[in-house]
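Read off the chains here:
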Amino acid sequence: MSRRLLLIGGGHSHVEVIRRFALAPEPDAAITLVSPDRLTPYSGMLPGHVAGHYSHDECHIDLDRLCRAAGSTRVESTVLGLDLDNRYARCRNDDALPFDVLSIDTGSVPATTTIPGADRHGIAVRPVADFLQQWDRILATVTKAKSALRIAIVGTGAAGVELVLAMHHRIREVRGNARFTLIGDSAAILTQHPSRLQRRFMGLLNARGIELRLDSAVQSVDAGTLLLRDGERLAADEIFWVTGAAAPSWPASSGLSVDSRGFIAVNAKLQSLSHSRVFAAGDVASMFGAARPKSGVFAVRQGPPLARNLRRALRGEPLLDYRPQRRALALISSGNRYAMASYGPLAWGGTWVWRWKDRIDRSFMRRYCMDDG
Ligand SMILES: Cc1cc2nc3c(=O)[nH]c(=O)nc-3n(C[C@H](O)[C@H](O)[C@H](O)COP(=O)(O)OP(=O)(O)OC[C@H]3O[C@@H](n4cnc5c(N)ncnc54)[C@H](O)[C@@H]3O)c2cc1C
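The sections below set out a description of the structure shown in this document. (Residues numbered from 1 in each chain as written. Predicted model: local features only at pLDDT ≥ 70, side-chain atom pairs only at ≥ 80, totals over all residues. Heavy atoms only, no water.)

### Comments concerning the site of the ligand
And then number 1: Taken together, 29 residues lie around the ligand, and His12, Asp105, Arg126, Asp283 and Val297 are the ones closest in.
And then number 2: Between the ligand and threonine 40 there is a distance of 3.1 Å, counted from an oxygen atom to a side-chain nitrogen or oxygen.
And then number 3: The backbone of aspartate 283 places a nitrogen or oxygen atom 2.7 Å from an oxygen atom of the ligand.
And then number 4: Starting from 1,000 Å² of accessible surface for the ligand in isolation, the protein chains cover 85%.
And then number 5: Taken together, the elements giving at least two residues each to the shell around the ligand come down to helix H1 (12-23), helix H5 (158-173) and helix H8 (296-315).
And then number 6: No other element matches H8, which puts three residues into the shell around the ligand.
And then number 7: By residue class, the composition of the shell around the ligand is ten nonpolar, 15 polar and four charged.
And then number 8: Of the residues that make up the shell around the ligand, three or more belong to each of domain 1 (3-36 + 77-108 + 247-326) and domain 2 (123-244). (Near = heavy atom within 4 Å. Polar contact = N/O pair within 3.5 Å; in protein donor to acceptor, adjacent residues only side chain to side chain. Areas by Shrake-Rupley, 256 points an atom, 1.4 Å probe, with all protein chains shown as cover. Helix = DSSP H or I, 4+ residues; strand = E, 2+ residues; numbered from the N terminus. Nonpolar A, V, L, I, M, F, W, Y, C, P; charged D, E, K, R; others polar. Domains from an automatic or database assignment.)

### Side note on H1
And then number 1: With twelve residues, H1 extends 17 Å between its outermost C-alpha atoms, agreeing within 8% with the 16 Å of an ideal straight helix rising 1.5 Å per residue.
And then number 2: All buried positions along H1 are accounted for by His12, Ser13, His14, Val15, Glu16, Val17, Ile18, Arg19, Phe21 and Ala22. (Expected span 1.5 Å × (residues − 1). Buried < 20%, exposed > 50% of the residue type's maximum accessible area, 1.4 Å probe, protein only.)

### Focus on the packing of aromatic side chains
And then number 1: One pass over the full model with this rule turns up five aromatic pairs.
And then number 2: Ring centres of tyrosine 54 and tryptophan 354 lie 6.4 Å apart, and the angle between their planes is 10°; this geometry places the pair in the stacked category. Of this pair, tyrosine 54 sits in the loop between helix H2 (46-50) and strand E4 (60-62) while tryptophan 354 sits in helix H9 (residues 351-366); the two residues are 300 residues apart in sequence, bridging distant segments of the chain. Here tyrosine 54 matches tryptophan 354 in class, with each residue buried.
And then number 3: Between tryptophan 352 and tryptophan 356 the ring centres are 6.1 Å apart and the planes differ by 20°, which places this aromatic pair in the stacked class. You can see tryptophan 352 and its partner tryptophan 356 sitting in helix H9, four residues apart, about one turn around the helix.
And then number 4: Given the relative accessible area of 43%, tryptophan 352 is considered partly exposed.
And then number 5: Of the residues examined, tryptophan 356 reaches a relative accessible area of 28% and is grouped as partly exposed.
And then number 6: Clustering of aromatic rings is evident, with ring pairs tying together Tyr42, Phe364 and Tyr368.
And then number 7: Sitting over the face of the ring of phenylalanine 263, lysine 294 holds its NZ or CZ atom 3.9 Å from the ring centroid.
And then number 8: In this structure, arginine 311 packs its charged tip against the face of phenylalanine 21, placed 4.4 Å from the ring centre. (Phe/Tyr/Trp six-rings, centres within 6.5 Å; stacked < 30°, edge-to-face > 60°. Lys NZ or Arg CZ within 6 Å of the ring centre and 35° of its normal.)

### Thoughts on the packing of H1 against helix H3 (residues 63-70)
And then number 1: One can describe the packing of H1 onto H3 by two numbers: an axis separation of 7 Å at closest approach and a directional angle of 30°. Taken together, the axes of H1 and H3 lie roughly parallel to each other. The way H1 lies across H3 gives a crossing that is left-handed. Listed contacts from H3 to Val15, Ile18, Phe21 and Ala22 of H1 are Leu63, Leu66, Cys67, Ala69 and Ala70. (Axes fitted to C-alpha atoms, helices over the stretch in contact; angles between N-to-C directions. Parallel < 35°, antiparallel > 145°, perpendicular 65-115°, else oblique. Left-handed = near helix turned anticlockwise from the far one by under 90°. Contact = heavy atoms within 4.5 Å.)

And the structure:
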């Protein structure tokens with residue numbers, strides 16, 4: 001009988017797992033991917049798509065095509081929970097998907113649950129498909145707006161800063177009428193990056209007339225108004241939440257061991273600390289003793305060691321340790337084909353950095369356009 005490998009989520013680690021099983025098929029393994037969407041976004045190109053530099057297809061990986069190349073099946077659904085004793089995943093469409101080996105790469109959920117009203121008002125950047133649908137709606141209306149559309153973006157990390165600059169660029173390109181406010185709870189933007197990079201992006205925000213509210217944690221939100229820490233009420237027609245990564249609740253409620261924030265606790269083999277047949281990678285996982293920032297770079301890097309250990313688990317072979325790198329290169333774009341790179345304390349900027357990032361991103365995407373004939 002074939003051994004059943006169930007992959008939950010078509011995230012950055014799993015696309016590499018499927019690619020590797022396509023390049024070197026595993027005899028007698030039946031691989032199933034469960035994912036709500038056929039197209040999975042590549043986060044590195046998302047701000048570039050919002051800015052209008054890449055089409056929707058250029059920044060999405062076709063999971064059906066990838067699965068066909070690997071001889072595997074994709075089930076279009078969302079996993080709601082696991083029965084770990086009887087080894088199956090429960091899905092939204094009532095499917096119960098059995099497994100011998102399970103791997104989870106479902107990413108994070110928006111960290112807005114602690115802000116009253118945030119779940120009802122505003123647009124979270126995840127799920128990405130919903131976010132992009134809302135962005136298309138805004139783009140279609142912004143050119144017809146009589147008065148300037150007030151757009152607030154909450155979150156001053158790399159994703160928030162990149163998005164506000166990308167949106168500003170795109171709206172100017174389509175001759176739309178909008179005013180932007182970027183809101184953060186810390187005293188600086190891009191606090192994970194060197195001060196040189198922070199200063200450069202502060203200058204860019206300033207030059208484009210994007211209003212900045214620092215030290216301004218959002219206390220609550222209702223239709224059209226954000227209440228900030230100092231008591232100010234900020235009016236906004238559209239609110240985007242880019243406030244970081246939280247854990248989905250279903251892994252913990254299914255009985256998997258999780259860290260203090262609810263992310264699946266895994267060892268150096270990317271294997272669950274509580275269930276040896278279960279593996280996890282990307283944002284949803286937290287490596288015991290080697291936690292890293294929630295970023296696509298680390299999820300991508302975990303793809304090859306995850307694929308190797310899933311194969312070994314299917315064969316009943318000993319698993320191998322993986323040691324994540326301490327630092328990762330970050331490439332942050334500013335909407336207009338300019339980008340800065342940061343690595344530890346170092347930072348560089350220029351249009352050549354954008355071209356470099358563009359080459360890296362496009363070559364990443366080419367790897368997943370596999371021949372499925
Ligand atoms: C605007 C923006 C820009 C960013 N830019 C960068 C960048 O330049 N570089 C970088 O390193 N990081 C970047 N990030 C962070 C990056 O997006 C995440 O760290 C990365 O996507 C995590 O990858 P992942 O594999 O964990 O999951 P994801 O890429 O989030 O993929 C998870 C997949 O699982 C599916 N899924 C979710 N729940 C379920 C379920 N219950 N059942 C089945 N399927 C499910 C989802 O539909 C999705 O396809 C950016 C983030 C944002 C928001």
